[in-house]
Amino acid sequence: DVIREIEGLGKKERRLAEKLGLQHVLIVPGDADLDPLVKKALGHAAADYIRGILKSGDILAVTGGTTAATLADQMQRTQLGVEVVPARGGIGENMEFQANTIASRLASQLGGTYRLLHAPDLMSDEALQSFISEPHVQETLQRIRRARMVVHGIGQAIPMARRRKLPDAKIEQLAGQGAIAEAFGYYFDRSGNIVHAMNTVGLRLSDLKHIERIVAVAGGKSKAEAISAVAHGCPLHVLVTDEAVADAILTHR
Ligand code: G3H
């Protein structure tokens, strides 16, 4: 903590928390866009933070993404006895970055159990409805909504839409609607309005207001606007980010 103050990070953390209306911000030095070690440090800081908060019997919901995967890699082994669940079903990521994969890896590191949501991508509304009505899916969805903590990544809208192979016409439409950020499979414009939601199961944005602690982990200067948009559009308590993002947001009017 003394080192954080000398580096001026403590002060930036407090200023950024105030600017974004958050309870707490953690900043790691550097820019994750430029140095993969910074992303690793982000994952490590987020992992330490959530391990310090979780208690036996808690339910932790996690999203997918490369940053959340790094967090799972960086999680120290403990015996916490928590349950880890994916925040939402399939949203078109590669296996190693899917929420299910990350939930199972985190559960093994935390000495806990996990439940998975095997929702295929691109289900029709009818298929989605019948999937949701399966009793074991219902049970998992109830556990997800009872999470005490949610940890999620934040991405830039258009790069995320491309990564998830949304059709070109949809990507153009998103760009036309001013989509700038993505989190939980929701796409947001600059002011934090939802412009598109992926058709999948799991946490809905409206469920977030019942969750005690929502933690976002995202870094790299290119994500600065996306992070601001999500902080405006989504309930969020804690942000783990890097100094490049903090500087970009703090110098922006
Ligand atoms: O859900 C994924 C996030 O929006 C961003 O993913 O951590 O790979 O950049 P990322």
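Remember, predicted model here, so these are calculated numbers, not experimental data.

Caption draft 1: Spatial organisation of the packing of helix α3 (residues 36-53) against helix α4 (residues 66-74). Where α3 meets α4, the axes come as close as 8 Å, and the angle between the chain directions of the two elements is 65 degrees. In terms of crossing hand, the pair formed by α3 and α4 is right-handed. Where α3 approaches α4, its residues Lys39, Lys40, Leu42, Gly43, His44, Ala46, Ala47 and Ile50 are matched on the opposing element by Thr66, Thr67, Thr70, Leu71 and Gln74. Here the residues of the contact of α3 with α4 sort into five nonpolar, six polar and two charged.

Caption draft 2: Structural detail: the site of the ligand. Inspection of the region around the ligand gives Gly64, Gly65, Thr66, Thr67, Gly153, Ile154, Gly155, Met160, Arg163, Arg164, Glu182 and Lys223 as its neighbouring residues. Within the side chain of arginine 164, an N or O atom sits 3.2 Å from an oxygen atom of the ligand. Contact between the ligand and glutamate 182: an oxygen atom at 2.4 Å from a side-chain N or O atom of the residue. The fraction of the free accessible surface of the ligand (310 Å²) that becomes covered by protein chains is 95%. At the level of secondary structure, the elements contributing two or more residues to the shell around the ligand comprise α4 and α8 (157-163).

Caption draft 3: Quick look at the sheet that holds strand β2 (residues 59-62). Strand order in this open sheet of seven strands is β1-β11-β10-β5-β2-β3-β4, and the pairing throughout is parallel. If you trace the sheet from one side to the other, it starts and ends with β1 (24-28) and β4 (113-114), each paired once. Packing of helix α2 (residues 9-20) onto the sheet brings it into contact with β1 and β11 (238-242), and relative to β1 it is tilted by some 135 degrees.

The rules we used
Residues numbered from 1 in each chain as written. Predicted model: local features only at pLDDT ≥ 70, side-chain atom pairs only at ≥ 80, totals over all residues. Heavy atoms only, no water. Axes fitted to C-alpha atoms, helices over the stretch in contact; angles between N-to-C directions. Helix = DSSP H or I, 4+ residues; strand = E, 2+ residues; numbered from the N terminus. Left-handed = near helix turned anticlockwise from the far one by under 90°. Contact = heavy atoms within 4.5 Å. Nonpolar A, V, L, I, M, F, W, Y, C, P; charged D, E, K, R; others polar. Near = heavy atom within 4 Å. Polar contact = N/O pair within 3.5 Å; in protein donor to acceptor, adjacent residues only side chain to side chain. Areas by Shrake-Rupley, 256 points an atom, 1.4 Å probe, with all protein chains shown as cover. Pairing = 2+ DSSP bridges.

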